[in-house]
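Residue-level structural notes
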Amino acid sequence: HDYPKLYKYHKVHHEYKMNTTLASQHNHPVDFILSIGGPALLAILVVQPHSSTLFQFTLCTLYGNLDNHFGYAFPWSPVCWFP
């Protein structure tokens, strides 16, 4: 939402009329590469984490993404505990 020139790719993510967990995974390929896949791949190449650490990081990131798009803001959600 911060870069108007890239919003044309991100707006695909907002095609769903309801805020659902499935909508959080609906991305344009350019948006996915620039905002999700690219940074994740760069981090993997730089840090070279153990496979279990990578799996845990992937689960935490996926859970955070789904929690942010769930439509509710529960104060006890673990996603709220970390900035």
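Everything below is about the structure shown above.
Residues numbered from 1 in each chain as written. Predicted model: local features only at pLDDT ≥ 70, side-chain atom pairs only at ≥ 80, totals over all residues. Heavy atoms only, no water.

A short note on the overall build of the protein
Condition: Only DSSP runs of H or I reaching four residues or more are called helices, and only runs of E reaching two or more are called strands; each is numbered from the N terminus. The buried label applies to any residue whose accessible area, calculated with a 1.4 Å probe on protein chains only, is under 20% of its type's maximum; exposed applies above 50%, and partly exposed to all values in between. Here, two residues are considered to be in contact whenever any of their heavy atoms come within 4.5 Å of each other. Per-residue accessibility takes into account occlusion by the displayed protein chains alone, with areas from the Shrake-Rupley method and a 1.4 Å probe. Positive residues here are Lys and Arg, negative ones are Asp and Glu, while His and the chain termini are left out of the count. Positions of charges follow a simple convention, taking NZ of Lys, CZ of Arg, CG of Asp or CD of Glu.
Of the regular secondary structure elements, the protein holds three helices and zero strands. Reading the protein from its N terminus to its C terminus gives the helix and strand order α-α-α. Dimensions of the protein, computed from the C-alpha atoms along their principal axes, are close to 40 × 35 × 20 Å. The proportion of buried residues among the 83 residues of the protein is 13%. Intrachain contacts of the protein at a sequence separation of at least 6 include 33% that bridge at least 24 residues. For the protein, the exposed surface amounts to about 6900 Å²; the carbon and sulfur share of it is 69%. Taken together, the 4 basic and 4 acidic charged side chains of the protein have centroids lying 13 Å from each other.

Remarks on the side chain of aspartate 31
Filter applied, for reference: By definition here, a salt bridge exists when the distance from a side-chain nitrogen of Lys or Arg to a carboxyl oxygen of Asp or Glu is within 4 Å. Contacts described as polar in this section are N or O atom pairs within 3.5 Å, which, within protein, must combine one atom able to donate a hydrogen with one able to accept it, while residues neighboring in sequence count only if both atoms come from side chains.
Looking at where aspartate 31 falls in the secondary structure, it is placed in helix H2 (residues 29-47). Here aspartate 31 occupies a buried position and makes no salt bridge, while the nearest side chain of opposite charge, lysine 11, is found at 12 Å. A polar contact of 3.1 Å, which involves the side chain of aspartate 31, links it to the side chain of histidine 10. Discounting residues that sit within four places of it in the chain, aspartate 31 has contacts with Tyr9, His10 and Ile36.

Quick look at H2
Owing to its 3.6 residues per turn, the α-helix brings residues three or four apart onto one side. Filter applied, for reference: The seven residues ending at a residue and the seven starting there each receive a fitted axis; the angle between those axes is the bend at that residue.
Helix geometry: H2 is bent most strongly at glycine 37, by close to 45 degrees, with proline proline 39 lying one to four residues after it. Two residues or fewer after H2 comes glutamine 48, characterised by a positive phi angle close to 50 degrees.

Details of the environment of leucine 6
Structurally, leucine 6 can be placed in helix H1 (residues 4-10). Residue classification places leucine 6 among the partly exposed residues on the basis of a relative accessible area of 38%. In this structure the C-alpha to C-alpha distance between leucine 6 and leucine 54, which are 48 residues apart in sequence, comes to 28 Å.

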